[in-house]
Amino acid sequence: IHKRGGGGESPTEGGLGRIALHPNNYYSDYLFLDENNFGGIHFEQRGIEDADEAEWAMHLDENGDEDPNEVPIIPTVVSGWNIMHFLASEISQEYFRAIIGRFSKDVYRKRVQIKCKMDAKETSRSTADSTSPSSVKDLAAVKEDLSAEEQLVRYKKKLVSKHFSS
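The structure contained in this document is the topic of the report that follows. What you see is a predicted model; the values in this text were computed from it and never measured.

**Let's talk about the overall build of the chain**
When helices and strands are tallied, the chain shows four helices and five strands. Element order for the chain, N to C, with α for helix and β for strand: β-β-β-β-α-β-α-α-α. Counting only residues that meet the buried cut, the chain has 20% of its 166 residues in that class. A fraction of 55% describes how many contacts in the chain between residues 6 or more apart in sequence connect residues 24 or more apart. Counting only carbon and sulfur atoms, one obtains 55% of the accessible surface of the chain, whose full area is about 12,400 Å².

What follows is the structure, given as structure tokens:
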């Protein structure tokens, strides 16, 4: 780390420091308790292994645009839950792993579905705006649906109450 500015005698005295970070792993819907207890969706750049991966794979170029010629990015569930080993039986440990993995996967899939619906709705709304009278536009604006984040929060609450409540 090299520090700039500040007027100290050496480059590390006084002033502000600069750190260069280069991420090498990308996650979504990450659940984190501590360094020994975590899980989520990890995005890996690798070949497609089955039909489920083919359905959810993304082919993105360096600008984030869709490009079918690029190596696919596969969303994969990762799980590192040390607390699982404190459960009584192997069956309960496997159930814990399945439920937590499914939670991450289901939330990710719901996020993608909501985004697709919102994009389709926005496209249809922009074409309707050019042909609808202003009174119809105003009525549609009042009856606006929930935002994507609100829909996702409701979905998460529903999943938690379904799988984790007693």
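Let us keep going from here.
**A closer look at the pattern of salt bridges**
Here the structure, examined in full by the defined rule, presents ten salt bridges. Of the charged contacts in the structure, one is a salt bridge between Asp119 and Lys115, with a shortest N-O distance of 3.0 Å. Here Asp119 pairs with Lys115, and both are found in helix α2 (residues 90-129), just four residues apart, close to one helical turn. Salt bridges sharing partners connect three or more residues here, namely Glu44, Arg46, Glu49 and Glu53.

**Structural notes on the side chain of Glu53**
Examined against the element boundaries, Glu53 turns out to sit in helix α1 (residues 51-56). Only 2.9 Å separates the side chain of Glu53 from the side chain of Arg46, close enough to count as a polar contact. The contact partners of Glu53, leaving out residues within four places of it in the chain, are Arg46, Gly47, Ile48 and Ile74.

**Side note on the nonpolar core**
The tendency in soluble globular proteins is for nonpolar side chains to be buried side by side. Counting residues in hydrophobic clusters, the biggest one holds six residues: Phe103, Val107, Ile114, Leu152, Tyr155 and Leu159. Those elements that place two or more of their residues in this core are α2 and α4 (148-163).

**As for the environment of Lys105**
Considering the arrangement of structural elements, one finds Lys105 in helix α2. Its relative accessible area of 32% is what places Lys105 among the partly exposed residues. Once the C-alpha coordinates of Lys105 and Asp29 are considered, the two residues, 76 residues apart in sequence, prove to be 8.2 Å apart. Excluding anything up to four places from it in sequence, Lys105 contacts Ile41, Asp52 and Val77.

Rules behind the numbers
- Residues numbered from 1 in each chain as written.
- Predicted model: local features only at pLDDT ≥ 70, side-chain atom pairs only at ≥ 80, totals over all residues.
- Heavy atoms only, no water.
- Helix = DSSP H or I, 4+ residues; strand = E, 2+ residues; numbered from the N terminus.
- Buried < 20%, exposed > 50% of the residue type's maximum accessible area, 1.4 Å probe, protein only.
- Contact = heavy atoms within 4.5 Å.
- Areas by Shrake-Rupley, 256 points an atom, 1.4 Å probe, with all protein chains shown as cover.
- Salt bridge = Lys/Arg side-chain N within 4 Å of Asp/Glu carboxyl O.
- Polar contact = N/O pair within 3.5 Å; in protein donor to acceptor, adjacent residues only side chain to side chain.
- Core = buried A, V, L, I, M, F, W, Y, C linked by side-chain atoms within 4.5 Å.

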